[in-house]
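Report on the structure
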Amino acid sequence: MASEAELVTRVDANEARTTDEDARASLLRWYDANKRSLPWRRRGKQRKWIKIEALAEDAATPDDQYAYGILVSEIMSQQTQIERVAEYWRRWTARWPTAEALAEATIEEVNEEWAGLGYYRRAKFLLNGAIYVRDALKGKYPRDVEGLSKIPGVGPYTASAVASIAFGAKTAAVDGNVYRVITRAKMIKGDPLKGDAAKEIRRVADAFVDAERPGDFNQAMMELGAMVCAPQNPKCDSCPISMWC
């Protein structure tokens, strides 16, 4: 027979699991109702594909083209406001709707299209990555974080974002917004980018990510950090995961 202490431990563990499950569900409901309308996102819930605007209206977006669109959006979003990214993303994918199409461009053409976004090294990363996908991978994007990380210019966060959003891989994509949400929610102290704090953030993020909708969940965490759990004056009364915090 289990001791009283063991029973208490089991109850506490069950409550923790329930809290995580409730928080996941609450976050996804909030995201479905409040997510920003961005051209690279799926319409509706995950696994309902959007259509790249450069394609014919009745043409579905193949997995690899969708992954390419997500990758372009993630690279463009680094240090750039999302509303501005949406404008550039539309033009970019209209001109180069696939990795193979981009791989045929010159660096001069790429820089011309990128003009105004700054940090031109990102544009070069996209071009080099497209050439790698065309030549080394025959136009097929890897479906996991490890394979995506081998593409030039793709770091751990971007690889996790593309793997989860485009291919449904259960992996947490941890950017600055997600760092902020988790460190506040779980009162994690220390440098979030290294040492024990970084390990704990990664552990919490990986455990919290939703297994059925990992891409939507990662985007929901990013939206939460951008729209609610802001660096200054967070809107805690509006937070869908306040019970988890």
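Up top you'll find the structure we're talking about.
For clarity, every value in this text was computed on a predicted model and none was experimentally measured.

1. Description of unusual backbone geometry
- Unlike most non-glycine residues, Y119 shows phi in positive territory, near 45°.
- Note that Y119 resides in the loop between helix 5 (107-114) and helix 6 (121-137).
- On the basis of relative accessible area, Y119 is assigned to the exposed category, the value being 54%.
- Although it is not a glycine, N233 adopts a positive phi angle of roughly 55°.
- Tracing the chain through its elements places N233 in the segment after helix 11 (214-227).
- Take N233: its relative accessible area is 68%, and that puts it in the exposed class.

2. Section: the pattern of salt bridges
- As enumerated under the stated definition, the model contains 13 salt bridges in all.
- The partner of D135 in a salt bridge is R134, with the nearest N and O atoms 2.7 Å apart.
- In this structure, the salt-bridge partner of E200 is R203, at a minimum N-O distance of 2.7 Å. Here the residue E200 and the residue R203 both occupy positions in helix 10 (residues 195-208), the gap between them amounting to three residues, near one helical turn.
- Salt bridges here are not isolated pairs; linked through shared partners, they connect E87, R91, R95 and E113.

3. Thoughts on the side chain of T171
- If you trace the backbone, T171 turns up in the loop between helix 8 (156-167) and helix 9 (176-185).
- Among the residues examined, T171 registers a relative accessible area of 12% and is labelled buried.
- When residues no more than four places from it in sequence are discounted, the contact partners of T171 are V145, S160, A163, S164, R202, D206, V209 and N218.

Each value, and the rule that gives it
Residues numbered from 1 in each chain as written. Predicted model: local features only at pLDDT ≥ 70, side-chain atom pairs only at ≥ 80, totals over all residues. Heavy atoms only, no water. Helix = DSSP H or I, 4+ residues; strand = E, 2+ residues; numbered from the N terminus. Buried < 20%, exposed > 50% of the residue type's maximum accessible area, 1.4 Å probe, protein only. Salt bridge = Lys/Arg side-chain N within 4 Å of Asp/Glu carboxyl O. Contact = heavy atoms within 4.5 Å.

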